[in-house]
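Chain by chain, the residues:
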Amino acid sequence: MDLRDLECFLAVAEEGSISRAAAALHMTQPPLTVRLQALERELGTALLVRHGRGVTLTAAGRLLAERSRRHLADLAATSDMVRAVGSGTRGALRVVVGHTVSPRLLPHLTGSATLGPDVDLRLSEVTDVDVVERVHHREAHAGLLHLPPAVPGGTRHVHGRAQGLEVAVVAREPLVAVLPEGHPAASDERVDLASLAGPRVVLADSAGEGFAAHARAVWRLVAGDGRTVGARHEAGSIMHALALVEAGVGVTLLPAQYVGPAWKGLVARQLRRHTAVVETAALWRPDEDSPVMRRFLRSALSTPEPDVLGPEHGRRRPESPSIFL
């Protein structure tokens, strides 16, 4: 007894006629009759009562029809599920995200429109070091973090590469200066960091090594011009840095994607001087065979990147919102 036997038998049971069932199955009546007779011989019992108006089911036939419908429905559901798992539209995805990666990036990479409604997603926010370690030890399928500034001819994210991980940029964004609304430079479209006399707020490496390295490089650039750079205050997270700026402690630098609708009293301004863009990278194991992860990567690596041209080529944009995410 195979699946085709059950499909033929069910067609006869539902049509109540061998001739109508043969038409529904796109076959002639004789081979269908032969198949039904062979099925009855295999099971050792009559399944159909044949009469002038067609056929009716015996008690054994009714039981076989009930079980066959259930079996074929389960098989169809299993086939759909297997195809969905194989295509990456069903399953689980674990992604670890560095503290400084903007939440505004995540909907484009992990939203239901990208992954599908049948993918169970687990996002964890950790340090950059833990991003690498968790992916390396298979505690996560993929990670997202900010890369340190690029060095000509250097390896992107040495620690990740040392652990045998693949590293690829999924987004680029410029740095912006974050100021209190009442700051003298808050009304400028672009700000010159060298003219912002006073303290600065920087992120500790524990908040995100890659981004912290970017901010340090920019402040060193300003100091290298012979300008006086104010006192340095260190914050353990972006939220703490924003709180210090709001309190008037100093100004800070952030990735542009952190501009959003949740922090009143602050403004973000583009920098007058061109600086290296901040790159967000995905990290994953090259031997990771999860179809969901591969689908996530296809989406992540095709994400449109923002304008990264220098100020002399950049498009004029509306004034930045005065609130933050």
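For the structure itself, consult the block above.
As a convention, each chain's residues are numbered from 1 in the sequence order in which they are written. Only residues with pLDDT of 70 or above have their local features reported here, since the model is predicted, and side-chain atom pairs are shown and tallied only from 80 upward, although totals for entire chains, interfaces and linings are computed over all residues. Calculated side-chain values reflect all of the structure's heavy atoms, with hydrogen atoms and water omitted.

Chemist: Looking at this structure, how should I read the overall build of the chain?
Modeler: Scanning the chain for helices and strands turns up 11 helices and 13 strands. Scored against the burial criterion, the 325 residues of the chain give a buried share of 44%. Residue contacts follow a heavy-atom distance rule, with two residues in contact if any of their heavy atoms lie within 4.5 Å. Within the chain, counting contacts between residues at least 6 apart in sequence, those at least 24 apart form 77% of the total. Only the protein chains shown count as covering a residue, and every accessible area follows the Shrake-Rupley method with a 1.4 Å probe. On the chain, roughly 16300 Å² of surface is accessible, and the fraction owed to carbon and sulfur atoms is 53%. Comment: elements are numbered from the N terminus, with helices defined as DSSP H or I runs of at least four residues and strands as E runs of at least two. Relative accessibility under 20% of the residue-type maximum defines a buried residue, over 50% an exposed one, and the middle range a partly exposed one, all with a 1.4 Å probe and only protein chains included.

Chemist: How do you make sense of helix α7 (residues 128-136) when you look at a structure like this?
Modeler: An α-helical segment advances 3.6 residues per turn. Residues three or four places apart therefore align on the same side. Within the sequence span of α7, burial applies to Asp128, Val131, Val132 and Val135. Buried residues along α7 cover an arc of 90° about the axis, so they all sit on one side. After α7 finishes, the residue Arg138 shows a positive phi value of roughly 65°. In this description, the arc belongs to the directions extending from the helix axis to the C-beta atoms.

Chemist: Where do I start with unusual backbone geometry in this structure?
Modeler: Glycine aside, negative phi is the norm for most residues, and most peptide bonds take the trans geometry. In this structure, His26 is a non-glycine residue whose phi angle is positive, near 60°. Along the polypeptide, His26 turns up in the loop between α2 (18-24) and α3 (29-43). Phi is positive for Arg138, close to 65°, though the residue is something other than glycine. Note on placement: Arg138 falls in the loop between α7 and β5 (142-146).

Chemist: I tried to follow the sheet that holds strand β3 (residues 90-98) on my own but got confused; where do I start?
Modeler: Hydrogen bonds between backbone groups are what pair the strands of a sheet, and the pairing can be parallel or antiparallel. Being paired, for any two strands, means DSSP has found at least two bridges between them. Strand order in this open sheet of five strands is β4-β3-β5-β13-β6, and the pairing throughout is mixed. In this open sheet, the two edge strands, each paired with only one partner strand, are β4 (118-126) and β6 (166-173). Direction aside, neighbouring strands of the sheet carry axes that sit 20° apart on average. The sheet contact formed by β3 and β5 spans three bridges and is parallel. Among the inter-strand pairings, Val97 is bridged to a residue of β5, identified as Leu144. Only C-alpha atoms enter the line fits that serve as axes; for helices the fit covers just the stretch in contact. Angles between N-to-C directions range over 0 to 180 degrees.

Chemist: Would you take a moment to explain the side chain of Ser299 for this structure?
Modeler: Mapped onto the elements of the fold, Ser299 is located in helix α11 (residues 291-300). Dropping the residues within four chain positions of it, Ser299 is found in contact with His108 and Thr114.

Chemist: Any chance you could explain the environment of His136 here in plain terms?
Modeler: Counting through the fold element by element, His136 comes out in helix α7. When its relative accessible area of 22% is taken as the criterion, His136 is described as partly exposed. Residues His136 and Leu283 lie 147 residues apart in sequence; the distance between their C-alpha atoms is 9.2 Å. Leave out the neighbours within four places in its chain, and His136 touches Gln163, Leu165 and Arg285.

Chemist: Would you explain the pattern of salt bridges in this entry?
Modeler: Should their charged atoms come close, side chains of opposite charge can pair. One speaks of a salt bridge when a side-chain nitrogen belonging to Lys or Arg is within 4 Å of a carboxyl oxygen belonging to Asp or Glu. Inspection of the entire model under this criterion finds 13 salt bridges. Notably, a salt bridge pairs Asp80 with Arg83, separated by 2.7 Å at the nearest N-O pair. Note that Asp80 and Arg83 are positioned in helix α4 (residues 59-87) at a spacing of three residues, about one turn of the helix. The exposed category is assigned to Arg83, whose relative accessible area is 54%. Between Asp287 and Arg285 there is a salt bridge whose closest N-O contact spans 3.0 Å. With a relative accessible area of 17%, Arg285 lands in the buried category. Linked through salt bridges whose partners overlap, the residues forming this network are Asp2, Asp5 and Arg35.

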